[in-house]
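# Fold and geometry: a report
As a plain string of letters, each chain reads:
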Amino acid sequence: MKKVIFVFFLVLLTFPFHGFCDYIENITENAYVDWTNGVIKAKGVGYPSQYSEGTIAQKKLEARQAAKTEALRKLAEAVNRIRIDGKTLVRDFQVKDEAVRSRIQAFVKNCAEKEVTYFPDGKCEVVVEASLTGEGSLSHIIYDNLKVTDLSGKTDKEEAADEAVSVEVDKKSESEKGEAEISEVRQAEDISPQKEAISQAPVTEEKISEMEQAVKAEEQQEEPAKKPLPSFVSGLIVNATKTQAKPAINPAIISDTGERLYDISVPDKMFRIRQGLASYTAKVENAETNKRVTKTPYVIEALKVVQDNPCIIMVSKKEFDEFRKLRGSDIVLERAKVIIVVGK
């Protein structure tokens, strides 16, 4: 029994983030991004040279250097595949600017060793970690070279406008369909041979009471209870679990009317660099207890993501306006106190 508990404990140490509350995205084999805590990790394995004749300490050093070299290579691969937005990866961004490429290469090279494990057979495992957010982080490099106007460019506006038009067309279609159904019902009533006989039938007080109770029951079903609003809001949680939203360094939130509500231009630069535009979790209840937004966060439901851009999330303008009326909402946006909940 003690042996089983010990093995389970080792598993927990080996996989400190997987399967728990945080949002982990596996980028490559043995490399992943922790979007909740803002770190990138990679693991490498190394062995001493088979021709090595050095001491045990020298062989350990050889294995450690080999493992770190592999870990750095995997970390570089993972960094290149991280999304800046729904259409751009870090790799694409480096191609456009040699200065950015040099900064990112130095960023990867200087990342820290977090874990070093030696095995009896001479093998060594090294886990390296790089910061996704904070001073000198990957996001810091990206934000420094990403113009604010890039986020409100023509392409994104057109996409947002198209999505808004699509919503309006759907609403209009439903409205026209409803009017057509009402018209058919009215026509049926006009030609019904029983209409006159029904209209002349006596209506008792008991019948009236039943009708009133039925109307009240329908009203209660149609009007769900409104959630109580806090007097002061400490953060914003966007529940995008029912959409195809994906985490990114540079997300954006738009309204169902096509208006930009939150992007790189909104938060103060210091807070944007310190913690990124938004962090991500896998569940709403985990977000609600996250220190980034506690103690009275406002939860808003995402409607959908922009077509072909899963990092631009659409919400109801009416609901977002309700959030903006609350005391503290300006501070929430200025300090990037935003968490996006994305499905696993």
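Just above sits the structure.
The paragraphs below set out a description of the structure included in this document. Please read these numbers as outputs of a predicted model, since none were measured by experiment.

## Thoughts on the nonpolar core
Side chains that are nonpolar tend, in soluble globular proteins, to be buried together. Core analysis: the largest hydrophobic core is formed by 62 residues, its most contacted members being Leu138 and Leu236. Per-element accounting of this core gives the leading share, seven residues, to helix H2 (residues 56-80). Not counting chain neighbours up to four residues away, the residues in contact with Leu236 comprise Val293, Tyr298, Ile300, Phe320, Phe323, Val332, Leu333, Lys337, Val338 and Ile339. Counting seven residues, the second-largest nonpolar core is a separate cluster that includes Ile237, Ala287, Val299 and Val341.

## Focus on the side chain of Arg272
Within the secondary structure layout, Arg272 lies in helix H9 (residues 269-275). For the buried Arg272, no salt bridge is present, and the opposite-charge side chain at shortest range is Asp144, 6.2 Å distant. Apart from the residues lying within four places of it in its own chain, the contact partners of Arg272 are Tyr143, Ile264, Pro267 and Leu277.

## A closer look at the environment of Ala336
Turning to its location among the elements, Ala336 is positioned in the loop between helix H12 (329-334) and strand S12 (338-341). Along the backbone, Ala336 and Met270 are 66 residues apart, and their C-alpha atoms lie at a distance of 9.8 Å. In this view, Ala336 contacts Tyr262, Pro267, Gln275, Gly276, Leu277 and Arg292; residues no more than four positions away in its chain are not counted.

## Considering the pairing of strand S6 (residues 235-239)
The buried count for S6 comes to five of five residues, which makes it a mostly enclosed element. Both faces of S6 are covered, namely the face carrying Gly235, Ile237 and Asn239 and the face carrying Leu236 and Val238. In terms of strand pairing, S6 meets strand S10 (residues 297-306) through five bridges, oriented parallel. Each residue of the ladder has a partner; that of Ile237, found in S10, is Val299.

## A closer look at the sheet that holds S12
In space, the seven strands of this open sheet follow the order S8-S7-S11-S10-S6-S12-S9, with mixed pairing throughout. Where the open sheet ends on each side, the last strands, each with one partner, are strand S8 (260-262) and strand S9 (279-281). Neighbouring strand axes in the sheet, compared pairwise and without regard to direction, differ in orientation by 40° on average. As paired elements, S6 and S12 share four bridges and run parallel to each other. Note on S12: the bridge partner recorded for Ile237 is Ile339. Helix H11 (residues 317-324) contacts S6, strand S7 (252-255), S8, S10 and strand S11 (309-315) of the sheet and is inclined by roughly 155° relative to S10.

## What to know about the packing of aromatic side chains
In total, this model carries three aromatic pairs according to the counting rule given. Relative to Tyr280, the ring of Trp35 has its centre 5.6 Å away and its plane inclined at 75°; by these criteria the two rings are edge-to-face. Taken as a pair, Trp35 in the loop between strand S2 (31-34) and strand S3 (39-46) and Tyr280 in strand S9 lie far apart in primary sequence, 245 residues in all. Here Trp35 and Tyr280 have matching classes, each one buried. Ring centres 5.5 Å apart and planes at 55° place the aromatic pair Phe320 and Phe323 in the tilted group. Remark: Phe323 and Phe320 occur in helix H11; sequence separation between them is three residues, near one turn of the helix. A connected cluster of aromatic rings, assembled from ring pairs, spans Tyr298, Phe320 and Phe323. Its end group placed over the ring of Tyr118, Lys60 keeps NZ or CZ at 5.0 Å from the ring centre. Residue placement shows Lys123 over the ring face of Phe119; its charged tip is 4.4 Å from the ring centre.

Rules behind the numbers
- Residues numbered from 1 in each chain as written.
- Predicted model: local features only at pLDDT ≥ 70, side-chain atom pairs only at ≥ 80, totals over all residues.
- Heavy atoms only, no water.
- Core = buried A, V, L, I, M, F, W, Y, C linked by side-chain atoms within 4.5 Å.
- Buried < 20%, exposed > 50% of the residue type's maximum accessible area, 1.4 Å probe, protein only.
- Helix = DSSP H or I, 4+ residues; strand = E, 2+ residues; numbered from the N terminus.
- Contact = heavy atoms within 4.5 Å.
- Lys, Arg positive; Asp, Glu negative; His and termini not counted.
- Salt bridge = Lys/Arg side-chain N within 4 Å of Asp/Glu carboxyl O.
- Pairing = 2+ DSSP bridges.
- Axes fitted to C-alpha atoms, helices over the stretch in contact; angles between N-to-C directions.
- Phe/Tyr/Trp six-rings, centres within 6.5 Å; stacked < 30°, edge-to-face > 60°.
- Lys NZ or Arg CZ within 6 Å of the ring centre and 35° of its normal.

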